[in-house]
Amino acid sequence: MPCSLLILNGPNLNLLGTRERDIYGQETLEEIISRCSAYADKAGITLEARQSNHEGDLVEWIQQARGVHQGIVLNAGAYTHTSVAIRDAIAAVDMPVIEVHLSNIYRREEFRHVSLISPVAEGGIYGLGAQGYLLAIEALAARFALKN
Ligand code: DQA
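Rules used in this analysis
Residues numbered from 1 in each chain as written. Predicted model: local features only at pLDDT ≥ 70, side-chain atom pairs only at ≥ 80, totals over all residues. Heavy atoms only, no water. Near = heavy atom within 4 Å. Polar contact = N/O pair within 3.5 Å; in protein donor to acceptor, adjacent residues only side chain to side chain. Nonpolar A, V, L, I, M, F, W, Y, C, P; charged D, E, K, R; others polar. Phe/Tyr/Trp six-rings, centres within 6.5 Å; stacked < 30°, edge-to-face > 60°. Helix = DSSP H or I, 4+ residues; strand = E, 2+ residues; numbered from the N terminus. Buried < 20%, exposed > 50% of the residue type's maximum accessible area, 1.4 Å probe, protein only. Expected span 1.5 Å × (residues − 1). Arc of directions from axis to C-beta. Pairing = 2+ DSSP bridges. Axes fitted to C-alpha atoms, helices over the stretch in contact; angles between N-to-C directions. Contact = heavy atoms within 4.5 Å. Salt bridge = Lys/Arg side-chain N within 4 Å of Asp/Glu carboxyl O.

Caption draft 1: How the structure looks around the site of the ligand. Every residue close to the ligand is listed here: Arg-19, Tyr-24, Asn-75, Gly-77, Ala-78, His-81, His-101, Leu-102, Ser-103, Ile-105 and Arg-112. Here an oxygen atom of the ligand sits 2.8 Å away from a polar atom, N or O, in the side chain of Asn-75. Here an oxygen atom of the ligand and a side-chain polar atom of Ser-103 are 2.6 Å apart. Taken together, the residues of the shell around the ligand break down into four nonpolar, five polar and two charged.

Below, the structure written as structure tokens:
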């Protein structure tokens, strides 16, 4: 079975490239995803990427990933710090989720220091910019290869 991964991005990440560029960098989400796709292609991984500003969309996509994808790369944006619903969806589907943040959330405002996602995630990457998504794909692919 080939490895298929889902990349989910939450609120305001559609504005990357214009949004607080000193914090989040110059790249648009489209550019980041196309880098991820090129990386995945080379590694023989299928990638699906989705973004939404709505919490319920993210919950549904996590639920629907079960049996379709082997892992999820998730940048839940601000919902990271608030969403019990996303946390519960991850716990419910029982599949590996790597939490990604472009910025170092622990070097920023105190309200960003708490992640409701981290306790149910397989692992996390923060502060490494767009490279974090590639590292997360690599980690999930390696995990998949070990199991198959
Ligand atoms: C973010 C960090 C969050 O605190 C913030 O709300 C975001 C982006 C990041 O990628 O650094 O929207 O998840």
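Caption draft 2: The arrangement of the packing of aromatic side chains in detail. Counting across every chain of the model gives one aromatic pair. Between the aromatic rings of Tyr-106 and Tyr-126, the centroid separation amounts to 4.9 Å while the plane-to-plane angle is 70°, which identifies the pairing as edge-to-face. Residue Tyr-106 is found in the loop between strand S4 (97–101) and strand S5 (123–126), and its partner Tyr-126 is found in strand S5; the two are separated by 20 residues along the sequence. Given the relative accessible area of 39%, Tyr-126 is considered partly exposed.

Caption draft 3: Fine view of helix H2 (residues 29–43). The end-to-end C-alpha distance of H2 is 21 Å, a good match for the 21 Å that 15 residues give at a rise of 1.5 Å each. Buried within H2 are the following residues: Leu-29, Ile-32, Ile-33, Cys-36 and Ala-40. One side of H2 carries all its buried residues, which in axial view fall inside an arc of 95°. Along H2, exposed side chains directed more than 90 degrees from the buried face belong to Glu-30, Asp-41 and Lys-42.

Caption draft 4: Looking closely at the sheet that holds strand S3 (residues 71–75). Across the sheet, five strands lie side by side as S2-S1-S3-S4-S5; this open sheet has parallel pairing. Strands with a single pairing partner mark the edges of an open sheet, and in this sheet they are strand S2 (46–51) and S5. Across this sheet, the average inter-strand angle for adjacent strands is 20°, counted without regard to direction. Pairing of S4 with S5 involves four bridges; the strand directions are parallel. Bridging across to S5, Ile-98 finds its partner in Gly-123. Lying over the sheet, helix H3 (residues 55–65) contacts strand S1 (4–9), S2 and S3, oriented at roughly 170° with respect to S1. Strands in contact with helix H5 (residues 131–147) are S1, S2, S3, S4 and S5; relative to S3, the strand with the most contacts, it is inclined by about 160°.

Caption draft 5: Looking closely at the pattern of salt bridges. Per the counting criterion, the structure on display carries six salt bridges. A salt bridge links Arg-112 to Glu-109; its shortest N-O distance comes to 2.7 Å. The exposure class of Glu-109 is partly exposed, given its relative accessible area of 34%. Here Arg-143 makes a salt bridge to Glu-122, at a shortest N to O gap of 2.9 Å. Of this pair, Arg-143 sits in helix H5 while Glu-122 is found in the loop between S4 and S5, placing the two residues 21 residues apart along the sequence. Overlapping salt bridges, with partners in common, bring together Arg-108, Glu-109 and Arg-112 in one network.

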